[in-house]
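Remarks on the overall topology
Residue-level listing of the chains:
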Amino acid sequence: MKPRIVLTGLVWAAIGCSQSVVTLCPLDTQAGAGVNFAAAMSKGGNITFSPACTTIHITRTYAVSTRTAIAGGNRITLDTTVPLGTNGMFSITGTAELILQQITLKPTTAFAVVTGQTASLSRVTLYQTHVVGPAMSAVSAVGTTSSVGGTFVNITGVALNADNVDFENSECDNCGVAIESSGSATISASTFSGGSSGVVCQKGSLNITGSHFLNFKNGAVKTWCATVIGNSDFQNNKSDAGGAISVNALPPGVNAATPGPQSSSISISGSTFTGNSATGAGGAVSVLVSATAAPQVVLRHVVFDSNTADHGGALDLSGFVLRGAGLDAAAVVFSKNTAVHDGGGLHGTNVSGRISRGIFVNNKAGGAGGGAGMVSLTPQQLTVANSLFAGNSAASGSAFSGALARFVNATVAGNNGTAISVLRAPLPRNIILVPGGQGSVSSQVSMVNSLLSGNQTNCAGFAGMTGPVIVDGGHNSQFPGNACNASIPSIDPQLDSMLVPAPGNAVLVGGDNTVCAGPDRKSHTSELQS
């Protein structure tokens, strides 16, 4: 039977294994009467150190073929004084497990701290262990690695590389890549800052909770995995696409028709994205659609603030003309995001689904869609309910630009430029709309129980449109004028500073309370005043 690992107080112990106390230092091969580190490692089992030892100079790579636990008591440093080659301090084989507890590791001349030789079977656990570079990695090519309460500083390559990674209450500062996983990765209560990328999940699953990602130069998270993120924040991260999070990015030279492993979903809740940027798509988040994957994107209580990109200042869902991502968003805020071209807050192609309780305020686009810019090449519809568009600006569609959308109980007010710009929609059959193709000549954008007021211009349609710009589903209002649809009454709602109609106003009288299932707009006070 294999020995069992237990945690007693602060000490990991391999029950039934040999016990060694290192009394000779500082060299790992130190001569004299007693036990040096090399002798202790030859036995495996549990290794501790006498009070006289504080530093052990590692002069060779130690093979780990059995379960070995090394406990430093927060006073032992293992460092290297001679080059150790590509295997680093420890090389773990077979089904062995290496546990490093309360130790500082300084592999200054080592390629790595630990490397694995049979990746899917080996395990490395770091408990309150601190790795200080420069080194190419802390743990590389093992089956499972865990860090609890650890820190990783100035790792020039990948800090933790394994099939499965568990990273809890740990920190990674200025690492080339903090975590790279090809099976499953679970990250909780941790902080990542600086370096190239934070987390790379190549396939499998990724779960992040209560964590912080700051100042990455090549994206905080790159994932091709089913991804769940909760109660986390992403600040000042940069990349070519998805400054904070990139989903299904294509490696160089890979065609969208044959992209390889792809994520089927990403869910984000209780999280904020602030000051992230991309030179391409998605200042905060980019979700790339391909021939093999059209991910489902779920957002709950998410704030996108002051992010920038070429298109999709905060969020971009696009990449393939024949398919589109699914979007299920509720209680989302897009505030002060900017796109050089289209989609100041949100940009997407062939997106279907819904946005409920959405706030789009003070977003900007140099092209179309200050709040949201949506392109429809296939007949997919987006529903926007109980939502607010205010203070947005764009060359066209300062609040919204798109072809297939339904607005329910929405307020579109105080936007700079034409608020709603309706594009030509594809015909309702399974074909795509190509330039010069036979798209619908009538509007496929409708409104129910919604109001437009105080915009520079309320609505504008595409060239050659027949019929009204907005399909009137009833209980709507527009002011001033009737550019959206002659059947929609032109009523001044006399909005207050919170964009709530004056008591007793005809807009309220003409509304349908059964449609008003969303929260009181007064709950959005802080967003409107920012």
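Below or above, wherever it landed, is the structure these notes cover. (Residues numbered from 1 in each chain as written. Predicted model: local features only at pLDDT ≥ 70, side-chain atom pairs only at ≥ 80, totals over all residues. Heavy atoms only, no water.)

Focus on the overall build of the protein
Regarding its fold elements, the protein presents 3 helices and 48 strands. With 530 residues in all, the protein has 55% of them scored as buried. Within the protein, counting contacts between residues at least 6 apart in sequence, those at least 24 apart form 59% of the total. Taken as a whole, the protein presents about 19500 Å² of accessible surface, with 54% of it coming from carbon and sulfur. (Helix = DSSP H or I, 4+ residues; strand = E, 2+ residues; numbered from the N terminus. Buried < 20%, exposed > 50% of the residue type's maximum accessible area, 1.4 Å probe, protein only. Contact = heavy atoms within 4.5 Å. Areas by Shrake-Rupley, 256 points an atom, 1.4 Å probe, with all protein chains shown as cover.)

Some remarks on the packing of aromatic side chains
Tallied over the entire structure, the rule returns 14 aromatic pairs. Geometrically, the ring pair formed by Phe37 and Phe90 is edge-to-face, given 6.5 Å between the ring centres and 70° between the ring planes. With Phe37 in helix α1 (residues 37-43) and Phe90 in strand β8 (residues 90-92), this residue pair connects regions lying 53 residues apart in the sequence. With respect to class, Phe37 is no different from Phe90; both count as buried. On the basis of an interplanar angle of 5° and a centroid distance of 4.9 Å, the ring pair of Phe213 and Phe234 is categorised as stacked. In this pair, Phe213 sits in strand β19 (residues 212-214) while Phe234 sits in strand β22 (residues 233-235), placing the two residues 21 residues apart along the sequence. Since its relative accessible area comes to 0%, Phe213 is described here as buried. (Phe/Tyr/Trp six-rings, centres within 6.5 Å; stacked < 30°, edge-to-face > 60°.)

A few points about the pattern of salt bridges
Applying the stated criterion across every chain yields a total of 4 salt bridges. One salt bridge connects Arg123 with Glu97, and the closest N-O pair in it is separated by 3.6 Å. Taken together, the residues Arg123 in strand β11 (residues 123-127) and Glu97 in strand β9 (residues 97-106) connect sequence positions 26 residues apart. Using a relative accessible area of 9% as the deciding quantity, one classes Glu97 as buried. A salt bridge links Asp328 to Arg300, with the shortest nitrogen-to-oxygen separation between them at 3.1 Å. Of this pair, Asp328 sits in strand β31 (residues 326-335) while Arg300 sits in strand β28 (residues 296-305), placing them 28 residues apart in sequence. Accessibility expressed as a relative area gives 17% for Asp328, which makes it buried. (Salt bridge = Lys/Arg side-chain N within 4 Å of Asp/Glu carboxyl O.)

Some remarks on the pairing of β31
Of all 10 residues that make up β31, 10 are buried, and the element is covered over most of its length. With 9 bridges connecting them, β28 and β31 associate as parallel partners. The partner of Val298 across the bridge, within β31, is Asp328. By the bridge criterion, 9 bridges tie β31 to strand β34 (residues 352-361) in an arrangement that is parallel. (Pairing = 2+ DSSP bridges.)

A few points about the environment of Asn505
Looking at where Asn505 falls in the secondary structure, it is placed in the loop between β48 (477-479) and α2 (506-510). C-alpha of Asn505 to C-alpha of Pro493: the two residues are 12 residues apart in sequence and 6.2 Å apart in space. Those residues in contact with Asn505, other than ones at most four positions away along the chain, are Ile491, Asp492, Pro493 and Gln494. Among the polar contacts listed, one links the side chain of Asn505 to the backbone oxygen of Pro493, at a separation of 3.3 Å. A polar side-chain atom of Asn505 sits 2.8 Å from the main-chain amide nitrogen of Val507. (Polar contact = N/O pair within 3.5 Å; in protein donor to acceptor, adjacent residues only side chain to side chain.)

Focus on the state of the cysteines
Should the sulfur atoms of two cysteines be covalently bonded, the bond is a disulfide. Overall, the coordinates contain 4 disulfides when judged by the stated rule. Bridging Cys172 to Cys175, the disulfide has an S-S length of 2.4 Å. Where Cys172 bonds to Cys175 through sulfur, the torsion about that S-S bond is close to -115°, and the disulfide is left-handed. Like Cys172, the residue Cys175 is buried in the burial classification. (Disulfide = S-S within 2.5 Å.)

Quick notes on the side chain of Asp316
Mapped onto the elements of the fold, Asp316 is located in strand β30 (residues 315-318). Side chain to side chain, Asp316 and Ser318 meet in a polar contact 2.6 Å long. Within the local environment of Asp316, its side chain forms a polar contact with the side chain of His347, the two groups lying 2.6 Å apart. Ignoring sequence-local partners within four residues, the contact set of Asp316 consists of Ala281, Gly282, Val285, Ser286, Val287, His311 and His347.

Thoughts on the environment of Cys175
By the secondary structure assignment, Cys175 is in the loop between β14 (171-173) and β15 (177-188). Taking the C-alpha atoms as reference points, Cys175 and Val158, 17 residues apart in sequence, are found 7.0 Å from one another.

Let's talk about the side chain of Asn505
Relative accessible area serves as the criterion here: at 6%, Asn505 is assigned to the buried category. Here Asp492 takes part through its backbone oxygen, which lies 3.0 Å from a polar atom of the side chain of Asn505.

Description of the nonpolar core
Judged by nonpolar contacts, the single largest core of 109 residues is most densely connected at Phe90, Ile245 and Ile420. No other element matches the 7 residues that strand β13 (residues 151-168) contributes to this core. Not counting the four nearest positions on each side in its chain, Ile245 is found in contact with Val221, Ile229, Phe234, Ile266, Ile268, Phe273, Ala284, Val285 and Ser286. By size, the runner-up hydrophobic cluster in this structure holds 7 residues, among which are Val333, Ile359, Val361 and Leu388. (Core = buried A, V, L, I, M, F, W, Y, C linked by side-chain atoms within 4.5 Å.)

A closer look at unusual backbone geometry
The omega torsion across Gly133 and Pro134 is 10°, close enough to zero to call that bond cis. Inspection of the secondary structure puts Pro134 in strand β12 (residues 130-148). Residues Phe479 and Pro480 are joined by a peptide bond in cis, for which omega reads -5°. With respect to the helices and strands, Pro480 occurs in the loop between β48 and α2. Phi is positive for Gln128, close to 50°, though the residue is something other than glycine.

Considerations on the pairing of strand β37 (residues 382-385)
Residues Leu382 and Val384 line one face of β37 and the alternating positions Thr383 and Ala385 line the opposite face, and both faces are buried. Here 4 bridges tie β34 to β37, and the two strands are oriented parallel to one another. Paired with Gly353 across the strands is Leu382, a residue of β37. Of the strand pairs in this sheet, β37 and strand β41 (residues 404-408) are connected by 4 bridges, and their pairing is parallel.

The analysis is restricted to geometry; functional conclusions fall outside its scope.
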